[in-house]
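# Structural overview for review
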Amino acid sequence: MADSLGIVILAAGKGTRLKVDIPKSLCPMLGKPLVDHVLSNLDSFQKEFDIRAKISVVVGHKKEMVKESICTSWPEITFVTQEEQKGTAHALQCYFDQNKDAWNSKYTLVVCADTPLIGKEEFSKLFKALIDDDATQASAAVFETANPTGYGRIVLEGKGFDIVEEKDADEVQKKITLVNSGLYFFRTSHIKEHLGSIENQNKSGEFYLTDLFKRSFNVKAVSYKDSYKFLGINNLVQLEQACEIKQKEIIRNHQLAGIRFLNSSSCYIEESVQLAAGTVIYPGVVLEGQTKIGPECVLESGVVVKDSEIAGGSSIFANSYLEGCKVNEKARIGPMARIRPGSKIGESCKIGNFVETKNAQLDKKVSVSHLSYVGDAKIGEGTNLGCGFITCNYDGAKKHLTTIGKNSFIGSDSQMIAPINLGDGVYVASGSTINKDIPSGGFAIARQRQVTKEGMAKKFLKKKD
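All of the points below concern the structure found in this document. In this text, all values refer to a predicted model and were calculated from it rather than measured experimentally.

## Quick notes on the side chain of S432
Among the structural elements, S432 can be located in the loop between β35 (427–428) and β36 (433–434). Sequence-distant contacts of S432, defined by excluding residues within four places in its chain, comprise D413, S414, Q415, A444, I445 and A446.

Spelled out as structure tokens, the structure:
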């Protein structure tokens, strides 16, 4: 589409009712700030219409924090400052005052940063209502609600309508159940003609953007059935409601793609997570960030996976915690294992209960069955690490590397004092503390000789009462 579009996201408010120490637009929802959800949905809308809009975010409260957050993922976004929050029309005036090229856009979209559920379908419907009729100067999304408290009322008369804010509505108008969503498309020429004449003669003393909708103007109210899509986040109750709605949508899409959830309502899955068909998700699973789960995996109850990749056919057993790691095909992890950042778990490895790894590379078919710590290490293919194995990797100032070759056997309750290097086919006897390198094929035992005193046990055994 050749016609140009300017998009204005209103994100200057404090969000006082949220009672959080960050701007409302940055309040986290399913792993990313509210405003990022809006930006993602706008991106999908633009692709639908084959249009690349110029997007500006109006900032005010803690503006530098908002800018820094948005630029992390959306470097092409520009910003407009509203130093004093004098209303939505004032915010739009700041946009045009600080962005003179914005007047050249044929259309202008205004959306709030705290409406994360408005999707491309809602944007598209409202945009089409404007562009399909050359006479229409603006379109507003409206919906029916049984409880209109807090919303501006849509007062219809003839072909036009007024939007009356609740504070300014009379008792008859307050009973109206058709309400304003806060989402608008304009022909920019309409804004140019009327924005400067908006006054703040109302009970809030603010300049209302809704004054661009008058029964005397050629404007259109576009009705939507799914009112929940326009949920604005003003408190933590509404934030949870939005999360639940979005979470159900995310999980439903995964289910339709072949992911089996045993109890989907108990799971937390962020939108950025990728799941492959055939995987089974038990109750209480948490999947966050840039996580990828391959086909035919099993994730049992209580599993938490953050920013990690798990290849096909792997099983992650109950209450295991994986973060910043990569797990290759057919690995078995847990229950109650912790796989920390930098860990690379090889194909068909077995990581048992109460095992922790950190910055460790385990090659194919390594076994660490239980009660062990493997940190800053490289473990070769087919090696077995016994119960109670520890890499002593930290000297109080620096971390050091432990290297163990392939097909080695390290007995239970053994410690490796890093830096240390063990070759292939090494055997370490149980209870050994190893502080010297071992060549391939070597056998090592490092423990004091056992001393036995016959008949002395009675001196130490105590009788039970």
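Next, the rest of the story.
## Details of the layout of surface pockets
What the largest pocket holds in volume is close to 1,700 Å³. Lining the largest pocket are 44 residues, and of these R17, K24, T88, D114 and N234 lie nearest its centre. Per element, the largest residue contribution to the lining of the largest pocket is four residues, and it comes from strand β10 (residues 178–187). Broken down by class, the residue content of the lining of the largest pocket amounts to 14 nonpolar, 22 polar and eight charged. If you add up the space inside the second largest pocket, you get close to 310 Å³. Lining the second largest pocket are 18 residues, with N41, K246, E249, N253 and E271 sitting closest to its centre. Of all the elements in the fold, those that place two or more residues in the lining of the second largest pocket are α1 (34–49), α4 (120–131) and α7 (236–256). If you tally residues by element for the lining of the second largest pocket, the top one is α7, at six residues. The residue inventory of the lining of the second largest pocket, partitioned by class, reads six nonpolar, five polar and seven charged.

## Topic: the pairing of strand β1 (residues 5–11)
Within β1, seven of the seven residues are buried, leaving the element largely enclosed by the surrounding structure. With burial as the criterion, each face of β1 is covered, one bearing L5, I7, I9 and A11 and the other bearing G6, V8 and L10. Bridge count for β1 against strand β6 (residues 107–112) is six bridges, and the pairing is parallel. Looking at β6, one finds that I7 is bridged to L109. Examined bridge by bridge, β1 and strand β4 (residues 54–59) share six bridges and lie parallel to one another. Residue pairing for β4: L10 is matched across the bridge by V58.

About the cut-offs
Residues numbered from 1 in each chain as written. Predicted model: local features only at pLDDT ≥ 70, side-chain atom pairs only at ≥ 80, totals over all residues. Heavy atoms only, no water. Helix = DSSP H or I, 4+ residues; strand = E, 2+ residues; numbered from the N terminus. Contact = heavy atoms within 4.5 Å. 1 Å grid on protein atoms, 1.4 Å probe; cavity = no way out; pocket = protein on both sides within 12 Å on 5 of 7 lines; lining within 4 Å. Points joined across faces, edges and corners; volume = space filled by probe spheres on them. Nonpolar A, V, L, I, M, F, W, Y, C, P; charged D, E, K, R; others polar. Buried < 20%, exposed > 50% of the residue type's maximum accessible area, 1.4 Å probe, protein only. Pairing = 2+ DSSP bridges.

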